[in-house]
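# Geometric and topological summary
So the chains spell out like this:
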Amino acid sequence: QVQLVESGGGLVQAGGSLRLSCAASGRTFSTYTMGWFRQAPGKERDFVAAISQRSISTISDSVKGRFTISIDNAKNTVYLQMNSLKPEDTAVYFCAASGTVPSSTSREYVYWGQGTQVTVSS
């Protein structure tokens, strides 16, 4: 089992920044790819970014150039730095762990956190 706890969400004005953190505990963190997904009200859960333990990453075109994913293996933590935020970035952001290579497919992720709310006001 892997437990994931997200933090860092909140309310921010358009153009602002937030950094989300996802702390992992339980089974060996170093064996997993970590991903971020988001879900807006009434919409499906969408891929945001993913990163392997060797820092090989993939990121959605919708946030490319504004969001950055990083990983700190010593702290068992993955981060999502979000800059130039837009109202359309408003969603609950979920952290997830996968046993495969970085993927945008949610069904490949085995463990999920509870999510953290990000609200961007215009």
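Each value, and the rule that gives it
Residues numbered from 1 in each chain as written. Predicted model: local features only at pLDDT ≥ 70, side-chain atom pairs only at ≥ 80, totals over all residues. Heavy atoms only, no water. Salt bridge = Lys/Arg side-chain N within 4 Å of Asp/Glu carboxyl O. Helix = DSSP H or I, 4+ residues; strand = E, 2+ residues; numbered from the N terminus. Buried < 20%, exposed > 50% of the residue type's maximum accessible area, 1.4 Å probe, protein only. Contact = heavy atoms within 4.5 Å. Pairing = 2+ DSSP bridges. Axes fitted to C-alpha atoms, helices over the stretch in contact; angles between N-to-C directions.

### Re the pattern of salt bridges
Enumeration over the complete set of coordinates arrives at 3 salt bridges. For D89, the salt bridge identified is with R38, shortest N-O distance 2.9 Å. Highlighted residues: D89 in the loop between β8 (77-82) and β9 (91-98) and R38 in strand β4 (residues 33-39), separated in sequence by 51 residues. Neither residue differs from the other here; D89 and R38 are each classed as buried. Three or more residues are tied together by salt bridges with common partners; here these are R38, R66 and D89.

### Topic: the side chain of D89
Overall, the relative accessible area of 0% leaves D89 in the buried class. In contact with D89, not counting residues within four places along its chain, are R38, R66, F67, S84, V118 and V120.

### Considerations on the environment of V78
With respect to the secondary-structure elements, V78 resides in strand β8. Assessed through its relative accessible area of 0%, V78 is described here as buried. When the C-alpha atoms of V78 and S60 are compared, they prove to be 17 Å apart, with 18 residues separating the residues in sequence. Those residues in contact with V78, other than ones at most four positions away along the chain, are L20, S21, C22, M34, W36, I51, I69, S70, I71 and C95.

### Concerning the sheet that holds strand β1 (residues 2-7)
One open sheet accounts for 4 strands, arranged β1-β3-β8-β7; its pairing is antiparallel. Each edge of the open sheet carries a strand with a single partner, namely β1 and β7 (67-72). Ignoring strand direction, the axes of neighbouring strands in this sheet form an average angle of 15 degrees. The pairing of strand β3 (residues 18-26) with β8 spans 6 bridges and is classified as antiparallel.

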